[in-house]
Amino acid sequence: MTLEEAADALNVITGLAADASLLSAFESGRRRTGKRNRAGLCELYRERSEVLFAHQDGAVTSVLERSGTAQVVKLLTRWTDLIEAMIEVASGAREQLVVTGSRSREGAYLAAIEAAVAEHADLVHYRVLYGPPRHRALTDHLVRLLELRDPAARRNGGKTLRIGMVEQSEALERFFVASETAAVAPLPSFHGAEGFDCGVLLGREAAVGLVHHGREACASARPVETIEAVRALSVRHI
């Protein structure tokens with residue numbers, strides 16, 4: 001099988017969204033295989049885990065593990081720095097843009113995501129919600145995304161807009177925005193008990209890992225890909 005054929009066969013087994021580049025990273029040891037993909041690959045190749053993944057489980061470490069804290073490009077300790085960095089990641093995306101979380105409401109950040117989707121037809125955007133939106137601003141943003149693009153349409157053989165919701169009982173909420181070149185992960189506030197107003201700016205290797213993380217999460221989430229479905233979601237705060 002080619003890597004593309006293997007990825008397609010694996011996705012049938014797992015229900016996830018692996019692609020040729022991810023399988024290449026598994027084979028080379030640049031990325032560790034997650035539990036679900038590992039089980040799927042064992043089924044696909046009819047081979048034991050200790051045979052298929054000896055190169056991952058032994059002394060070999062991934063590029064990301066070797067680079068360690070070098071992947072943290074900058075610590076963001078102010079709200080304005082955090083938002084500016086998130087806007088830069090969204091604005092700079094050309095191939096992949098993954099956004100996770102259900103708490104977004106900053107207008108300039110949401111506008112930057114919409115602008116990227118509107119201006120770059122080949123950009124594939126994944127939005128993963130963890131539970132329904134916390135604020136009306138996020139619901140309105142999702143509606144605007146659906147007005148900009150039809151999730152059912154195909155370009156270069158695939159969908160370019162995917163919106164899914166993970167039920168809160170199934171997974172803890174996580175927050176990040178990642179493109180093919182950079183990522184930002186918000187952190188709990190350094191200044192008090194409220195909110196997420198700090199974060200870390202991450203480099204390319206970490207960003208690519210988070211893109212795959214978000215793609216897999218979106219593939220297993222419940223699709224919310226019509227304006228009617230978005231408007232039917234409950235909203236905690238108006």
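The coordinates are above.
Cut-offs and rules
Residues numbered from 1 in each chain as written. Predicted model: local features only at pLDDT ≥ 70, side-chain atom pairs only at ≥ 80, totals over all residues. Heavy atoms only, no water. Helix = DSSP H or I, 4+ residues; strand = E, 2+ residues; numbered from the N terminus. Rg over C-alpha atoms; globule rule 2.2 N^0.38 Å. Buried < 20%, exposed > 50% of the residue type's maximum accessible area, 1.4 Å probe, protein only. Contact = heavy atoms within 4.5 Å. Areas by Shrake-Rupley, 256 points an atom, 1.4 Å probe, with all protein chains shown as cover. Lys, Arg positive; Asp, Glu negative; His and termini not counted. Charge placed at Lys NZ, Arg CZ, Asp CG, Glu CD. Pairing = 2+ DSSP bridges. Core = buried A, V, L, I, M, F, W, Y, C linked by side-chain atoms within 4.5 Å. Phe/Tyr/Trp six-rings, centres within 6.5 Å; stacked < 30°, edge-to-face > 60°. Salt bridge = Lys/Arg side-chain N within 4 Å of Asp/Glu carboxyl O. Axes fitted to C-alpha atoms, helices over the stretch in contact; angles between N-to-C directions. Parallel < 35°, antiparallel > 145°, perpendicular 65-115°, else oblique. Left-handed = near helix turned anticlockwise from the far one by under 90°. Nonpolar A, V, L, I, M, F, W, Y, C, P; charged D, E, K, R; others polar. Right-handed = clockwise from strand over helix to strand, strands pointing away.

## Brief notes about the overall build of the protein chain
Helix and strand counts for the protein chain come out as eleven helices and eight strands. Relative to a compact globule of 238 residues, whose C-alpha radius of gyration would be 18 Å, the protein chain shows 18 Å and is just as compact. When its C-alpha atoms are laid out on the principal axes, the protein chain stretches across 55 × 40 × 35 Å. Counting all 238 residues of the protein chain, 47% fall into the buried class. Residue pairs in contact within the protein chain that sit at least 24 positions apart in sequence constitute 70% of those at least 6 positions apart. Counting every atom, the protein chain has about 12,000 Å² of accessible surface; 52% of that belongs to carbon and sulfur. Positive and negative side-chain charges of the protein chain, numbering 29 and 31 respectively, have mean locations separated by a distance of 3 Å.

## Structural notes on the sheet that holds strand 6 (residues 183-187)
Taken together, eight strands build an open sheet; the order of strands is 1-7-6-5-2-3-4-8 and the sheet is mixed. The sheet is open, and its two borders are formed by strand 1 (72-76) and strand 8 (222-223), each paired with just one other strand.

## Some points on the environment of Arg 204
Relative to the elements of secondary structure, Arg 204 occurs in helix 10 (residues 204-219). Setting aside chain neighbours within four positions, we find Arg 204 in contact with Gln 71, Glu 180 and Thr 181.

## Points about the nonpolar core
Counting residues in each nonpolar core, the largest one holds 33 residues, and the members touching the most others are Met 86, Leu 97, Tyr 109, Ile 113, Leu 142, Val 177 and Val 184. Not counting the four nearest positions on each side in its chain, Val 177 is found in contact with Met 86, Val 89, Leu 97, Val 98, Val 99, Tyr 109, Ala 182, Ala 183 and Val 184. Formed by 19 residues, the second largest nonpolar core is a distinct cluster that contains Val 98, Ala 207, Leu 210 and Ala 221.

## Section: the packing of aromatic side chains
Aromatic rings considered in pairs are described by the distance between their centres and by the relative angle of their planes. Taken as a whole and judged by the stated rule, the model has one aromatic pair. Seen in terms of ring centroids, Phe 175 and Phe 196 are 4.6 Å apart; in terms of plane orientation they differ by 55 degrees. Their pairing is tilted. Of this pair, Phe 175 sits in the loop between strand 4 (161-166) and strand 5 (176-179) while Phe 196 sits in the loop between strand 6 and strand 7 (198-202), and the two are 21 residues apart along the sequence. According to the relative accessible area criterion, Phe 196 is partly exposed, its value standing at 33%.

## Details of the pattern of salt bridges
In this structure the tally under the stated criterion is ten salt bridges. Each of Glu 47, Arg 48 and Glu 50 takes part in salt bridges that share partners, so that together they form one network.

## Here's the deal with the packing of helix 1 (residues 3-14) against helix 3 (residues 35-45)
Following both chains from N to C, one finds helix 1 and helix 3 inclined at 115 degrees, their axes separated by 9 Å at the closest point. With respect to helix 3, the axis of helix 1 lies roughly perpendicular. When the axes of helix 1 and helix 3 are compared, the crossing they make is right-handed. On helix 3, the residues touching Ala 6, Ala 9, Leu 10, Ile 13 and Thr 14 of helix 1 are Arg 36, Asn 37, Gly 40, Leu 41, Glu 43, Leu 44 and Tyr 45. Residues belonging to the contact of helix 1 with helix 3 are distributed by class as follows: seven nonpolar, three polar and two charged.

## Overview of the pairing of strand 4
Of all six residues in strand 4, five are buried, a share of seventy percent or more. Summarising the sheet, strand 3 (residues 124-130) and strand 4 pair through six bridges and their orientation is parallel. Considered in strand 4, the bridge of Arg 127 is made with Ile 163. With respect to chirality, the unit in which strand 3 leads through helix 9 (residues 136-148) into the neighbouring parallel strand 4 is right-handed. As paired strands, strand 4 and strand 8 are joined by two bridges and run antiparallel to one another. Across the sheet, residue Gly 164 finds its bridge partner in strand 8, namely Pro 223.

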